[in-house]
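Here is what each chain is made of, one letter per residue.
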Amino acid sequence: MDIQAKIAVQLYSVRKEMERDLEGTLQKIHEIGFRYVQLDGMRGNDPAEVLRLLQKYELKVIGMHIKHDRFMNDLDGIIEEAYYFGCKTVFDKYIEEEDQTTAGYIATKEALIEAAGKLHALGFRIGLHNPEYDFNECINGRRVMDFITDPVNGICIYAEPDTYWIKAAGHDETEFIKRYSGRAPIVHMKDFISGFELEDMDNNLVEMGEGEVNFRAIIEWGETNGVEYYCIEQDRSKRNMFETLEASYNYLIEL
């Protein structure tokens with residue numbers, strides 16, 4: 001399965017490294033083989049320097065994670081940032097805990113639908129990153145991601161499913177993900193192993209290929225259902241993060 005040209009990395013994985021050494025981090029990302037990245041904030045760096053180094057190391061931004069509240073009160077800022085980094089695929093990265101209520105989910109959907117309605121003509125795609133511990137919460141009988149991505153008057157919010165959180169929520173990731181066929185341009189790839197408490201991410205998050213997620217089946221589905229990038233996201237690692245990302249990159253290539 002030749003998917004090398006579709007493998008990306010979520011820079012949240014190297015957030016600490018970016019704070020300490022931006023250029024060294026992006027250089028190592030390039031050396032591993034990545035050519036596509038997903039932004040998750042500047043991590044204390046000047047956006048101009050981030051852009052310069054992304055270009056220097058031939059890293060194209062294919063998605064952006066945006067703080068939840070900005071969709072409510074900084075749409076112009078999102079537009080400016082998206083144009084600056086040349087990427088119009090933007091995701092609400094995380095619904096804040098205070099908004100993880102029925103009223104909060106409804107307000108989130110309204111804000112995202114409004115943003116999508118305004119920005120669609122400019123070629124933007126507005127999406128929601130996979131819910132986490134609240135994955136199975138229901139609003140009007142629909143789980144969070146399903147509720148928010150259900151279309152309204154022809155306007156659709158894109159899904160960004162995450163194999164780890166689907167598995168952690170107790171679902172078969174290879175079946176559950178099919179509901180997002182044709183509307184998930186980016187899928188987050190990370191592995192899960194059962195036997196620990198849901199909150200015990202130190203143990204139930206493992207390197208790709210060491211857990212229970214069927215990545216081959218995910219890719220087979222993705223290749224016929226509109227997935228543009230398989231984005232490796234490693235929230236934490238038991239060893240050097242670059243070693244973990246390199247192992248994950250090579251694992252996907254060799255599938």
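Quick notes on the rules
Residues numbered from 1 in each chain as written. Predicted model: local features only at pLDDT ≥ 70, side-chain atom pairs only at ≥ 80, totals over all residues. Heavy atoms only, no water. Buried < 20%, exposed > 50% of the residue type's maximum accessible area, 1.4 Å probe, protein only. Helix = DSSP H or I, 4+ residues; strand = E, 2+ residues; numbered from the N terminus. Contact = heavy atoms within 4.5 Å. Polar contact = N/O pair within 3.5 Å; in protein donor to acceptor, adjacent residues only side chain to side chain. Salt bridge = Lys/Arg side-chain N within 4 Å of Asp/Glu carboxyl O. Phe/Tyr/Trp six-rings, centres within 6.5 Å; stacked < 30°, edge-to-face > 60°. Pairing = 2+ DSSP bridges. Axes fitted to C-alpha atoms, helices over the stretch in contact; angles between N-to-C directions. Right-handed = clockwise from strand over helix to strand, strands pointing away.

Draft legend 1. Seen up close, helix α3 (residues 47-56). Taken residue by residue, α3 has Val50, Leu51, Leu53 and Leu54 as its buried positions. Contacts made by the buried residues of α3 are with α2 (22-32), β2 (36-39), β3 (60-66) and α5 (75-85). Its side-chain oxygen 2.9 Å from the backbone nitrogen of alanine 48, aspartate 46 forms the N-cap of α3.

Draft legend 2. Looking closely at the pattern of salt bridges. For the structure on display, the rule yields 19 salt bridges. A salt bridge links glutamate 175 to lysine 178; the nearest nitrogen and oxygen atoms lie 2.9 Å apart. Here glutamate 243 makes a salt bridge to arginine 239, at a shortest N to O gap of 3.5 Å. If you follow the salt bridges from partner to partner, you end up with Asp162, Lys190, Glu233 and Asp235 in one network.

Draft legend 3. Fine view of the packing of aromatic side chains. One pass over the structure, following the stated rule, counts 10 aromatic pairs. Judged by centre distance (5.0 Å) and plane angle (50°), the rings of tyrosine 36 and tyrosine 229 are tilted. Taken together, the residues span a long stretch of sequence, with tyrosine 36 in strand β2 and tyrosine 229 in strand β12 (residues 229-232) at a distance of 193 residues. The exposure class assigned to tyrosine 36 is partly exposed, which follows from its relative accessible area of 22%.

Draft legend 4. Quick peek at the sheet that holds strand β8 (residues 158-160). Pairing within the open sheet is parallel, and its 8 strands lie in the order β8-β5-β4-β3-β2-β1-β12-β9. Bordering the open sheet on either side are β8 and β9 (186-189), each of which pairs with just one other strand. Neighbour-to-neighbour, the strand axes of the sheet open up by a mean angle of 30°, direction not taken into account. Pairing of β9 with β12 involves 4 bridges; the strand directions are parallel. Within β12, the position partnered with histidine 188 by the bridge is cysteine 231. Along the sheet, helix α6 (residues 102-119) contacts β4 (89-92) and β5 (125-129); its crossing angle with β5, the most-contacted strand, is approximately 155°. Across the sheet, helix α11 (residues 215-224) is in contact with β9 and β12; its angle to β9 comes to roughly 175°.

Draft legend 5. A look at the side chain of glutamate 81. Topologically, glutamate 81 is positioned in helix α5. At 2.8 Å, the side chain of glutamate 81 forms a polar contact with the side chain of arginine 70.

Draft legend 6. Summary view of unusual backbone geometry. One non-glycine residue with positive phi stands out, namely glutamate 58, at about 55°. Within the secondary structure layout, glutamate 58 lies in the loop between α3 and β3. A relative accessible area of 51% places glutamate 58 in the exposed class. Phi at asparagine 140 takes a positive value of approximately 55°, unusual for a residue other than glycine. The residue asparagine 140 is located in the loop between β6 (138-139) and β7 (142-143) in this model. Accessibility expressed as a relative area gives 66% for asparagine 140, which makes it exposed.

Draft legend 7. View of the environment of glycine 222. Tracing the chain through its elements places glycine 222 in helix α11. Taking the relative accessible area as the measure of exposure, glycine 222 reaches 1% and is therefore buried. If we skip the residues at most four places from it in the chain, glycine 222 touches Val227 and Tyr230.

Draft legend 8. Structural detail: the pairing of β5. Burial of β5 is extensive: 4 of the 5 residues sit out of reach of the surface. For β4 and β5, the ladder comprises 4 bridges, and the chain directions are parallel. Opposite threonine 89, over in β5, you have arginine 125 as the bridge partner. Following the chain from β4 across α6 to the adjacent parallel β5, one finds a crossover that is right-handed. As paired strands, β5 and β8 are joined by 3 bridges and run parallel to one another. Residue histidine 129 lies in a different strand from β8, and its bridge partner there is glutamate 160.

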